[in-house]
Amino acid sequence: MKLSSPAFDDGDPIPEKHGYDFDNVSPPLAVEDVPDDAVSLALVVDDPDAKKPAGKVWNHWTVWNVDPATGEIAEGTTPTGATEGRNSYGNSGYGGPKPPDREHTYRFHLYALDTELALDRGSTTAELQEAMAEHVLAEAELRGTFEPR
């Protein structure tokens with residue numbers, strides 16, 4: 001399985017407009033080679049570099065029950081029929097990068113699952129990870145960086 005973005009290459013800077021203090025829109029994503037037996041997809045966007053300044057990995061976007069036939073997620077959209085969880089800003093939906101101290105690396109982690117998940121809208125990333133623990137068929141990751149402006 002592969003996850004990429006037409007907005008930035010793996011390991012490269014995420015365009016400013018996707019940052020929390022700018023347009024705060026999710027970047028476009030492309031999904032390829034999903035296993036044929038996948039029933040749904042889940043996406044987690046987080047910032048492990050926030051652990052030192054924030055005391056935890058900062059969650060920016062949590063989405064589940066994405067149709068496995070989804071080939072792309074357009075900029076600023078949530079896939080049709082998918083459910084969004086609560087991010088570390090306390091909101092449901094996407095909350096863009098906003099590093100408090102230095103350049104941070106953000107992980108876009110995609111999971112192919114063998115089931116749909118019965119989680120309520122607004123569930124946390126931890127709740128998603130617990131619910132999908134025994135159901136992951138494949139994973140893909142895309143990384144991007146963002147500097148404070």
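The following paragraphs examine the structure supplied in this document. Being a predicted model, the structure only gives us computed values, none of them experimental.

Within the protein one finds 2 helices and 8 strands. Order of helices (α) and strands (β) in the protein, N terminus to C terminus: β-β-β-α-β-β-β-β-α-β. Relative to the compact-globule value of 15 Å for 149 residues, the protein shows a C-alpha radius of gyration of 14 Å, a close match. Classification of the 149 residues of the protein by burial places 44% in the buried group. Restricting the contact set of the protein to residue pairs at least 6 apart, pairs at least 24 apart contribute 71%. If you sum the accessible surface of the protein, you get close to 7,200 Å²; carbon and sulfur atoms cover 41% of it. For the protein, the separation between the mean place of its 12 positive charges and that of its 28 negative charges on side chains is 10 Å.

Looking now at the sheet that holds strand S6 (residues 83-84). Spatial strand order, S6-S4-S3-S7-S8: 5 strands in an open sheet with antiparallel pairing. In the strand order of this sheet, the two ends are held by S6 and strand S8 (136-146), each with one partner. In terms of strand pairing, strand S3 (residues 40-47) meets strand S4 (residues 58-66) through 6 bridges, oriented antiparallel. Bridging across to S4, Leu43 finds its partner in Val63. Against the sheet, helix H2 (residues 125-132) contacts S3, S4, strand S7 (104-113) and S8, and its axis sits at roughly 40° relative to S4.

With that out of the way, let us pick up the packing of aromatic side chains. For the structure on display, the rule yields 5 aromatic pairs. Ring plane angle 85° and centroid distance 5.6 Å describe the contact between Trp61 and Tyr94, whose orientation is recorded as edge-to-face. Of this pair, Trp61 sits in strand S4 while Tyr94 sits in the loop between S6 and S7; the two residues are 33 residues apart in sequence, bridging distant segments of the chain. One exposure class covers both Trp61 and Tyr94, and it is buried.

For the rest of this paragraph, the subject is unusual backbone geometry. One non-glycine residue, Asn24, lies in the positive phi region at around 55°. According to the relative accessible area criterion, Asn24 is partly exposed, its value standing at 24%.

This next bit is on the nonpolar core. By size, the foremost hydrophobic cluster in this structure holds 24 residues, and its most contacted members are Leu3, Leu29, Leu41, Leu43, Trp61 and Phe108. Elements with a minimum of two residues in this core: strand S2 (29-32), S3, S4, S7 and S8. Val44, Tyr111, Leu128 and Met132 belong to the second-largest nonpolar core, a separate cluster that totals 8 residues.

Our focus in this paragraph is the pairing of S7. Of all 10 residues in S7, 8 are buried, a share of seventy percent or more. Both S3 and S7 contribute to a ladder of 7 bridges, which runs antiparallel. Among the inter-strand pairings, Val44 is bridged to a residue of S7, identified as His109.

The next thing to look at is the pattern of salt bridges. Following the criterion strictly, the structure yields 5 salt bridges and no others. Notably, a salt bridge pairs Asp46 with Arg107, separated by 2.8 Å at the nearest N-O pair. Within this pair, whereas Asp46 is found in strand S3, its partner Arg107 is found in strand S7, the two being separated by 61 residues in sequence. The exposure class of Arg107 is partly exposed, given its relative accessible area of 22%. Arg121 is paired through a salt bridge with Glu84; the nearest N and O atoms lie 4.0 Å apart. Of the two residues, Arg121 is situated in the loop between S7 and H2 and Glu84 in strand S6; the sequence distance between them amounts to 37 residues.

How each quantity is defined
Residues numbered from 1 in each chain as written. Predicted model: local features only at pLDDT ≥ 70, side-chain atom pairs only at ≥ 80, totals over all residues. Heavy atoms only, no water. Helix = DSSP H or I, 4+ residues; strand = E, 2+ residues; numbered from the N terminus. Rg over C-alpha atoms; globule rule 2.2 N^0.38 Å. Buried < 20%, exposed > 50% of the residue type's maximum accessible area, 1.4 Å probe, protein only. Contact = heavy atoms within 4.5 Å. Areas by Shrake-Rupley, 256 points an atom, 1.4 Å probe, with all protein chains shown as cover. Lys, Arg positive; Asp, Glu negative; His and termini not counted. Charge placed at Lys NZ, Arg CZ, Asp CG, Glu CD. Pairing = 2+ DSSP bridges. Axes fitted to C-alpha atoms, helices over the stretch in contact; angles between N-to-C directions. Phe/Tyr/Trp six-rings, centres within 6.5 Å; stacked < 30°, edge-to-face > 60°. Core = buried A, V, L, I, M, F, W, Y, C linked by side-chain atoms within 4.5 Å. Salt bridge = Lys/Arg side-chain N within 4 Å of Asp/Glu carboxyl O.

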